[in-house]
Amino acid sequence: RRRTERFHMVIHGLFGVVCAYFVHDIFPAASLGNLLFWGVAGSLLPDTDHFLYFYVYGRRDIYSKIVRAYIRNKKFRKLVLFLRFNHKKNGGLYSHNILSLIIALYLFEYFARIKDMPTLSVVALAWFCHYAFDMGEDFLFMKRLNPNWLLRFDKKAKKKDLVIP
């Protein structure tokens, strides 16, 4: 648990690398370097939704207010610790849901089998793996799925439940 908490983003990146090698096996003529780049990018892409949450649709949430305060005050070390200890308490992310997982898998199948597009195939597969890993982490940390996976986005973090470094 501590390793996945500490190396969460690194693990996402490594899934992108694994996806690149997997897609390269399907498309051996494709550039491995290109697939590695897009695999890692695709595995990190879903977390851009966190920034939309912090600054747009979840900006009133206490979790977002704390994150923005750390950014505004350039307290990046504390921000990283805050995110590490509390990211599973953010249950309002719109992109982290079962439909996104299914769409990503469908897109992988579409780009890999129908369109023969290795670059988009690796992005979609890495996108899928990102969500699958996050779901597995929910079970590891909380013994259940976060409500957002089941399209319930109303879970707001309570300040008393957050670890403030």
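Thresholds, definitions, all that
Every residue gets a number counted from 1 within its own chain, in the order that chain's sequence is written. For this predicted model, a pLDDT threshold of at least 70 governs which residues receive local features, and a threshold of 80 or more governs which side-chain atom pairs are given and counted, while totals over whole chains, interfaces and linings are taken from all residues. Hydrogen atoms and water are omitted, and side-chain values are computed over all heavy atoms in the structure. For every residue, the predictor assigns a confidence score, pLDDT, that lies between 0 and 100. Strands are runs of DSSP state E lasting at least two residues, helices are runs of H or I lasting at least four, and both sets are numbered from the N terminus onward. Expected helix span is given by 1.5 Å per residue-to-residue step, counting one fewer step than there are residues. Exposed residues in this analysis have more than 50% of their type's maximum accessible area, buried residues have under 20%, and partly exposed residues fall in between, with area computed by a 1.4 Å probe over protein chains only. It is the directions from the helix axis to the C-beta atoms that the arc portrays. In plain words, nonpolar cores are sets of buried Ala, Val, Leu, Ile, Met, Phe, Trp, Tyr and Cys residues tied together by side-chain atoms within 4.5 Å. Note on contacts: a residue pair qualifies if any of its non-hydrogen atoms lie within 4.5 Å across the two residues. The rule for a disulfide is simple: a pair of cysteine sulfur atoms within 2.5 Å. Identification of polar contacts relies on pairs of N or O atoms within 3.5 Å, with a donor-acceptor requirement for protein atoms, meaning one able to donate a hydrogen and the other able to accept it, and with residues adjacent in sequence counted only if both atoms are side-chain atoms. Patches were defined on residues exceeding 30% relative accessible area and lacking a salt bridge, with like-charge contacts within 9 Å and nonpolar side-chain contacts (Val, Leu, Ile, Met, Phe, Trp, Tyr) within 5 Å. Per-residue and other accessible areas were derived by the Shrake-Rupley procedure at a 1.4 Å probe size, with only the shown protein chains allowed to occlude residues. The term salt bridge refers to a pairing of a side-chain nitrogen on Lys or Arg with a carboxyl oxygen on Asp or Glu at a separation within 4 Å. Between the rings of Phe, Tyr and Trp (Trp by its six-membered ring), a pair exists once the centres lie within 6.5 Å; its type follows the angle of the planes, with under 30 degrees stacked, over 60 edge-to-face, and the other angles tilted. A fitted line through C-alpha atoms represents every axis, and for helices the fit uses only the stretch in contact; the resulting angles, taken between N-to-C directions, go from 0 to 180 degrees. Here a crossing is called left-handed whenever its near helix is offset anticlockwise from the far helix by less than a right angle, and right-handed whenever the offset is clockwise. Under the scheme applied, nonpolar residues are Ala, Val, Leu, Ile, Met, Phe, Trp, Tyr, Cys and Pro; charged residues are Asp, Glu, Lys and Arg; polar residues are all the others, including Gly.

A. A look at the confidence of the model for the protein. On average, residues of the protein carry a pLDDT of 91, and 96% of them reach 70 or more. By mean pLDDT, the top-scoring element of the protein is helix α3 (residues 32-44) (97), and the lowest-scoring one is helix α1 (residues 2-6) (68).

B. Expanded view of helix α2 (residues 8-26). Compared with the 27 Å implied by 1.5 Å per residue over 19 residues, the 28 Å span of α2 between its first and last C-alpha is a close match. Every buried residue of α2 is accounted for by H8, H12, G13, G16, C19, A20 and V23. Taken end-on, α2 shows its buried residues confined to a sector of 140°, consistent with a single buried face. Summarising the geometry of α2, the exposed residues directed more than 90 degrees from the buried face are V18 and D25.

C. Expanded view of the nonpolar core. The biggest cluster of nonpolar side chains holds 14 residues, and the ones touching the most others in it are C19, V23, F27, L35, F108, V122 and L125. In terms of residue count, helix α8 (residues 118-142) provides more of this core than any other element does, 6 residues in total. Not counting residues within four places of it along the chain, the set of residues in contact with F27 comprises F111, A112, D116, M117, P118 and S121. By size, the runner-up hydrophobic cluster in this structure holds 10 residues, among which are Y63, I66, L79 and F82.

D. Summary view of the state of the cysteines. Across all of its chains, the model carries 0 disulfides by this definition. Cysteine C19 is unpaired, with the sulfur of C129 as its nearest cysteine sulfur at 3.5 Å. On the basis of relative accessible area, C19 is assigned to the buried category, the value being 2%.

E. Expanded view of the environment of H8. With respect to the helices, strands and loops of the structure, H8 is situated in helix α2. What makes H8 buried here is its relative accessible area of 10%. Distance in space between the C-alpha atoms of H8 and Y131 is 12 Å, their sequence separation being 123 residues. Ignoring any residue separated from it by four or fewer positions in sequence, one finds H8 in contact with D47, H87, F133, D134 and E137. Separated by 2.9 Å, the side chains of H8 and E137 make a polar contact.

F. Just a nonpolar patch on the surface, in detail. A surface patch of nonpolar side chains, amounting to about 390 Å² of accessible area, comprises F51, L52, Y55 and V56. Mapped onto the elements of the fold, Y55 is located in helix α4 (residues 48-57).

G. Region of the structure containing the side chain of N148. The topology assignment puts N148 in the segment after α8. There is a polar contact of 2.6 Å between the side chain of N148 and the backbone oxygen of H96. Setting aside chain neighbours within four positions, we find N148 in contact with N90, G91, L93, H96, N97 and F153.

H. Quick peek at the packing of aromatic side chains. This structure, assessed with the given rule, holds 13 aromatic pairs. One aromatic cluster is present, built from ring pairs that chain together F51, F54, Y63, Y70 and F82.

I. Spotlight on the packing of α3 against α8. Close contact between α3 and α8 brings their axes to 7 Å; oriented N to C, the two are set at 35°. For the pair α3 and α8, the crossing hand works out as right-handed. Here α3 contributes N34, L35, W38, G39, G42 and S43 to the contact with α8, which in turn contributes P118, T119, V122, V123, A126, W127 and H130. Taken together, the residues of the contact of α3 with α8 sort by class into 7 nonpolar, 6 polar and no charged.

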